[in-house]
Structure formats: structure tokens, C-alpha cells
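# Descriptive analysis of the structure
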2 protein chains.
Amino acid sequence: MVVKVYGPHYASTKRVLVCLVEKGVEFETSPVDLVKGENRNPEYLALQPFGAVPVIQDGDYTLYESRAILRYYAEKYKSQGTDLLGESIEERGLVEQWLEVEAQNYHPHIYNLTLHILFASALGFPPDEKLIKESEEKLAKVLDIYEERLSRSKYLAGDFFSLADLSHLPFTQYLVGPMKKEYMIRSRKHVSAWWDDISNRPSWKKVSLL
Amino acid sequence: MVVKVYGPHYASTKRVLVCLVEKGVEFETSPVDLVKGENRNPEYLALQPFGAVPVIQDGDYTLYESRAILRYYAEKYKSQGTDLLGESIEERGLVEQWLEVEAQNYHPHIYNLTLHILFASALGFPPDEKLIKESEEKLAKVLDIYEERLSRSKYLAGDFFSLADLSHLPFTQYLVGPMKKEYMIRSRKHVSAWWDDISNRPSWKKVSLL
């Protein structure tokens, strides 16, 4: 069964794609053009009532919210491909903790930067310079905490690569690439080494070319 | 081993407490006064570097982020107390989906309402009336989607009570109680029946009195 992934070939959809590559799960993508508003079409809203991306269909099973999809495949194929949940319930607890940190503390700021620096003109609104400045300051504080954490363990949840690290890939790639804010990563020694490690994984090299 | 829960006796801390009651896990609480800024004390930041609540200590295991703590105890005590994760991997996927919806779609709006209607004066800033109005409008749209969903299943993830429902309890209680916005729940037939069901669970009745 080939998993069908609905979403644009960027942003949170790539969070799901890199997970599927790590787990060795075959997929096909069905593009959804957010700029054209295809995520507000009735057919799409029948799949995802909030109009967000991505959504997967796996046989007759439909699931949305990227981090829920990550957890589903990491658990469904626990012993296939890279184990992304840790070996014990305690390790999984820490994976969940750092996945929540990504969602609640890291993502809101990097999302604001991405939206206002990279997508504002395509979406037809002026970038909010005050929000950009505040978001960079808040993200810097979060990265200071990451720096301390990553001085004590190779990855966020411990000495194993997990969903918590993987979930950072798509938007951090925007930060170091098109947003030209690589200095935020490179000015922090342990964050920098972590980024080199996770962004050089073959799975991400494959997905970042899509 | 008694679980130690750090946090104030309200808001997201109650999300963890009601889960521990459902699972039959003994706990003691260690209050953290947010108004006095006790969450920014060095001792607290050593437990939770972002200064957020709650945190648990279970022997020598420390975990933060309320929804990560929910998942940890729901899995650690899978066969004790109420099963909160569903029976199959597919059911758990839907629990994760709706737990993410709560975190990403429901919580930001109800949090803004709670902060600006109930806590602004205690925290020393003026309530933002424009944000209150916008947050109520956005929450209403989310509740419309819940209404449709709950017309097809008794609970959010299916016909079983789960972490996805439980996670809504503390802030929805603020909405129907001190915020005096019970009409947002009562004007939607299936949301109203769902709220009656989940808020009348003995676990919540116990925790809401703490």
C-alpha cells in the first residue's frame, strides 16, 4: 500500500515525507497549492476540516496534523527503518517532551519568520517588521536553551535521533537557507553540530530536493 | 512511588492531574506561583528551562510539557485505570490527531481568552479587547468543526474517551465558568452533550475542586 500525502512540497508536509523515508515507507504526493487556496476547496476540507496541510491517506485510513502522522508511522513501523521513538517508555517520554517543545516553543517563532520573510508577498500582505524582530529575539532565546541541552546530549531527547529532531528540519532549513539567518545556528556550537548532523541525513537530503 | 507535580492548582497543571486520577496514579502537588514569578526562579528553571508549568518528577525521572506527560502516563500505565490511547495503532493515531488539534487549533484561542479576560489584571496588563473578540470568533469556528465531528462520534477520536477529550477540560471549564461564555458550548448540541459527558467524569469533579 502506497501512502498518499496531500500537501505542498514544502514546510510541514516535508516533516511527514522525511519520516516516511526514515521508516522506508513508500509514498506518493498529491500537491495542494496554498497560494491558490486549494486547501479551502470543499474536497480538501472534507479530508481536513481546518484547511491545514498535510493529510495522509493509507488505504481507507485518513490522518492529519503532521506531528500526529509522525507518531503514527513511527509506531506502526516501530521495528522497520530508523527507530524514532526511543527504546523505553522513559525515552519516548523525552521524545514527546521535545516534540512538544518544537511545536509550542520553537515553531511559533520560526513560523512567523518564515511567513513574513518568505511568503508575505506571495500571499499578498506586507511583512510585519516588528513581528519579524520580536520572533527572531524569541527564537534566539529558545536556541540558547537548545544549546545548553545539546551540550549534554547529542540529540534533543538523548543520544539517539528521534521525531523530536526530525520535526525541526523543514523550517530550520528555511532559516539557514532562503531566510539567510544561518548565523542563528552557527553562533551556537552545539546547535551547529546538531544541525550539521540532522540536515546531512540521507533522508533529508532526499526530501529537501523534492 | 508518589509522582510530584510542580505547577499552580489550575490551567495546564490540571490537565496532568486529571490524567493521573484517571490512571489511578498517586501524586502530590508542589505549588508554583506564576503571579509571583516563581516559575522564573533558578531552581524552577533547572527543572523547566522555558519557565513553563507543569513539570513532574517520578523518582529520578523529570518530564515537562503537559501533553507529553499525559502521553507518558497513558502509555506507562496502559492497562491500569482508564485506557486513554485507544485500542489499536489507528485509534491512537486519531487520539494524536485530535490532541494536536486541541494544542494547535483550540488552545491558542481559548488561552488568549483566559489570559485577557481572567488573568490580565492579576498579571498587571490591560486586557486586549480586539484580541478577545478575534479569539472568540476563531474559537467559534473551531467549535463548529467539533460540532460536526461530534455528530458522528461520541468523543473526538472515536467512540471512546481519550487524552484528546481530557486535554480540553481545564480551559473549557474557564470558558463555561468564570468567563461566562457557556453559550459557546450550549449553542452547539453535540459539543454540549460531549461537554456534559467529559466534565461530569468523577476524575474531573475531583480535580476541579483542588
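Keep in mind that this is a model prediction, so the values were computed, not measured.

### Remarks on the pairing of strand E3 (residues 55-58) of chain A
Residues and elements named next belong to chain A. Looking at chain direction, strand E1 (residues 3-6) and E3 are connected through three bridges and run antiparallel. Looking at E3, one finds that Val5 is bridged to Ile56. Examined bridge by bridge, E3 and strand E4 (residues 61-64) share four bridges and lie antiparallel to one another. Residue pairing across strands places Val55 opposite Tyr64, the latter belonging to E4. In this antiparallel pair of consecutive strands, E3 and E4, the connection spans two residues, and Gly59 shows a positive phi of 65°.

### Side note on the relation of the copies chain A and chain B
Taken as rigid bodies, chain A and chain B are interconverted by a rotation of 180° and an axial shift of 0.0 Å, the fit giving an RMSD of 0.0 Å. In symmetry terms, the pair is related by a two-fold rotation axis.

### Some remarks on the layout of surface pockets
Quantified by volume, the second largest pocket comes out at close to 240 Å³. Ala46, Leu47, Pro49 and Tyr64 of chain A together with Arg152 of chain B are the residues nearest the centre of the second largest pocket, which is lined by 14 residues in total. Breaking the lining of the second largest pocket down by element, the ones donating at least two residues are helix H2 (42-47) and E4 of chain A together with helix H4 (89-123) and helix H5 (129-150) of chain B. Within the lining of the second largest pocket, the residues separate by chemical class into nine nonpolar, two polar and three charged.

### Quick look at empty space enclosed by the protein
Across all of its chains, the model carries two cavities of 30 Å³ or more by this definition. A volume near 50 Å³ is recorded for the largest cavity. Considering the residues around the largest cavity, the lining is formed by Ile89, Arg92, Gly93 and Glu96 of chain A together with Arg71, Tyr72, Glu75 and Arg92 of chain B. Looking at the lining of the largest cavity, the elements that each hand over two or more residues are helix H4 (89-123) of chain A together with helix H3 (66-76) of chain B. With four residues, the single largest contributor to the lining of the largest cavity is H4 of chain A. For the lining of the largest cavity, the per-class residue count stands at two nonpolar, one polar and five charged. If you add up the space inside the second largest cavity, you get close to 40 Å³. Forming the walls of the second largest cavity are Arg71, Tyr72, Glu75 and Arg92 of chain A together with Ile89, Arg92, Gly93 and Glu96 of chain B. Contributions of two or more residues to the lining of the second largest cavity are made by helix H3 (66-76) of chain A together with H4 of chain B. The biggest single contributor to the lining of the second largest cavity is H4 of chain B, with four residues.

### Points about the sheet that holds E4 of chain A
Residues and elements named next belong to chain A. Across the sheet, four strands lie side by side as E2-E1-E3-E4; this open sheet has mixed pairing. Bordering the open sheet on either side are strand E2 (27-30) and E4, each of which pairs with just one other strand. Between one strand and the next, the sheet's axes are offset by a mean angle of 20°, whatever the strand orientation. Across the sheet, H3 touches E1, E3 and E4, and the angle it forms with E4 is around 130°.

### Observations concerning the sheet that holds strand E1 (residues 3-6) of chain B
Residue and element names in this part refer to chain B. The four strands lie next to each other as E2-E1-E3-E4, forming an open sheet whose pairing is mixed. Looking along the sheet, the strands with just one partner apiece sit at the ends: strand E2 (27-30) and strand E4 (61-64). Ignoring strand direction, the axes of neighbouring strands in this sheet form an average angle of 20°. Contacting E1, E2 and strand E3 (55-58), helix H1 (residues 12-23) runs over the sheet at an angle of about 160° to E1.

### Side note on the domain arrangement of chain A
Residue and element names in this part refer to chain A. Its domain assignment divides chain A into domain 1 (3-76) and domain 2 (89-204). The gap between the C-alpha centroids of domain 1 and domain 2 is 21 Å. Facing the 15 residues of domain 1 at the interface are 21 residues of domain 2. Buried surface at the junction of domain 1 and domain 2, both sides included, amounts to about 1,500 Å², of which 64% is carbon and sulfur. At the junction of domain 1 with domain 2, the criterion picks out six salt bridges. Across the pair Glu22 and Arg201 runs a salt bridge whose closest N-O atoms are separated by 2.7 Å.

Definitions and limits used
Residues numbered from 1 in each chain as written. Chains lettered and ligands numbered in written order. Predicted model: local features only at pLDDT ≥ 70, side-chain atom pairs only at ≥ 80, totals over all residues. Heavy atoms only, no water. Pairing = 2+ DSSP bridges. Helix = DSSP H or I, 4+ residues; strand = E, 2+ residues; numbered from the N terminus. Least-squares fit on C-alpha atoms with pLDDT ≥ 70 in both. 1 Å grid on protein atoms, 1.4 Å probe; cavity = no way out; pocket = protein on both sides within 12 Å on 5 of 7 lines; lining within 4 Å. Points joined across faces, edges and corners; volume = space filled by probe spheres on them. Nonpolar A, V, L, I, M, F, W, Y, C, P; charged D, E, K, R; others polar. Axes fitted to C-alpha atoms, helices over the stretch in contact; angles between N-to-C directions. Contact = heavy atoms within 4.5 Å. Domains from an automatic or database assignment. Buried area = accessible area lost by both parts, 1.4 Å probe. Salt bridge = Lys/Arg side-chain N within 4 Å of Asp/Glu carboxyl O.

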